[in-house]
Amino acid sequence: TLFHWRGGVYYRSGIWATLGAGVTVGVVFLLESHPEIEDVLGTEYLNNSLLWSALTAVLVSMVAFRTNKGYGRFWEGTGLLHQMK
């Protein structure tokens with residue numbers, strides 16, 4: 001069920017990952033071919049530490065959300081099992 005091509009988790013996440021990678025490649029190509037666009041976009045203030053901090057914050061938020069949802073499901077299942085007694 002996890003590895004099915006249609007409707008699987010990897011299929012849907014692969015679509016979003018491909019779209020994100022395409023946008024990233026397009027922006028990098030645009031910035032390298034037209035350096036004057038940096039003034040318009042305001043990307044001259046971005047550096048590696050800022051980008052890593054933003055990425056880390058997003059990933060931590062996503063992991064915390066998923067962990068919280070899983071924890072809630074566990075206790076809901078535990079409660080239902082106790083009701084079955």
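Residues numbered from 1 in each chain as written. Predicted model: local features only at pLDDT ≥ 70, side-chain atom pairs only at ≥ 80, totals over all residues. Heavy atoms only, no water.

1. Comments concerning the overall build of the protein chain
We apply this condition: Counting from the N terminus, the helices are the DSSP runs of H or I reaching at least four residues and the strands are the DSSP runs of E reaching at least two. For each residue, the accessible area found with a 1.4 Å probe, counting protein chains only, is set against the maximum for its type, and the residue is called buried under 20%, exposed over 50%, and partly exposed in between. For every accessible area listed, the method is Shrake-Rupley and the probe measures 1.4 Å; residues are considered covered only by the protein chains on display.
Counting its secondary structure elements, the protein chain contains three helices and zero strands. Across the 85 residues of the protein chain, 5% fall into the buried class. Accessible surface, the protein chain: about 7900 Å² in total, of which carbon and sulfur atoms supply 69%.

2. Some details on a nonpolar patch on the surface
Put simply, the rule reads: Patches here: salt-bridge-free residues with over 30% relative accessible area, like charges joined within 9 Å, nonpolar side chains (Val, Leu, Ile, Met, Phe, Trp, Tyr) joined within 5 Å. Salt bridges are defined by distance alone: a side-chain nitrogen of Lys or Arg within 4 Å of a carboxyl oxygen of Asp or Glu.
There is a patch of nonpolar side chains on the surface, built from Trp 52, Leu 55, Val 58, Leu 59 and Met 62 and spanning about 520 Å² of accessible area. On the basis of relative accessibility, which here comes to 57%, the residue Trp 52 falls in the exposed class.

3. A closer look at the packing of aromatic side chains
Rules: Pairing of aromatic rings covers Phe, Tyr and Trp, the last counted by its six-membered ring, and requires centre-to-centre distances within 6.5 Å; plane angles under 30 degrees mean stacked, over 60 mean edge-to-face, and any other angle means tilted.
What the rule picks out here adds up to two aromatic pairs. Between the aromatic rings of Tyr 71 and Trp 75, the centroid separation amounts to 6.2 Å while the plane-to-plane angle is 80°, which identifies the pairing as edge-to-face. On the criterion of helical spacing, the pair formed by Tyr 71 and Trp 75 is a turn pair, its members being four residues apart in helix H3 (residues 48-84). Classification of Tyr 71 by relative accessible area gives exposed; the value is 52%. You can call Trp 75 partly exposed: its relative accessible area is 45%. Ring plane angle 75° and centroid distance 5.1 Å describe the contact between Phe 74 and Trp 75, whose orientation is recorded as edge-to-face. Overall, Phe 74 belongs to the partly exposed group, its relative accessible area being 48%. Put simply, the rings of Tyr 71, Phe 74 and Trp 75 pair up and form one aromatic cluster.

4. A word on a negative patch on the surface
So the rule is basically this: Charge assignment in this entry is limited to Lys and Arg as positive and Asp and Glu as negative, and neither His nor the chain termini are counted. The location of each charge is read from NZ of Lys, CZ of Arg, CG of Asp or CD of Glu.
Residues Glu 36, Glu 38, Asp 39 and Glu 44 make up a contiguous surface patch of negative charge. Checked against the element boundaries, Asp 39 lands in helix H2 (residues 37-41).

5. Section: the confidence of the model for the protein chain
In plain terms, the rule: In predicted models, pLDDT denotes the confidence assigned by the predictor to each residue on a 0 to 100 scale.
Looking at the protein chain as a whole, the pLDDT averages 82, with 87% of positions reaching at least 70. In the model of the protein chain, H2 stands out as the element of lowest mean pLDDT, 78, in contrast to H3, which has the highest, 89.

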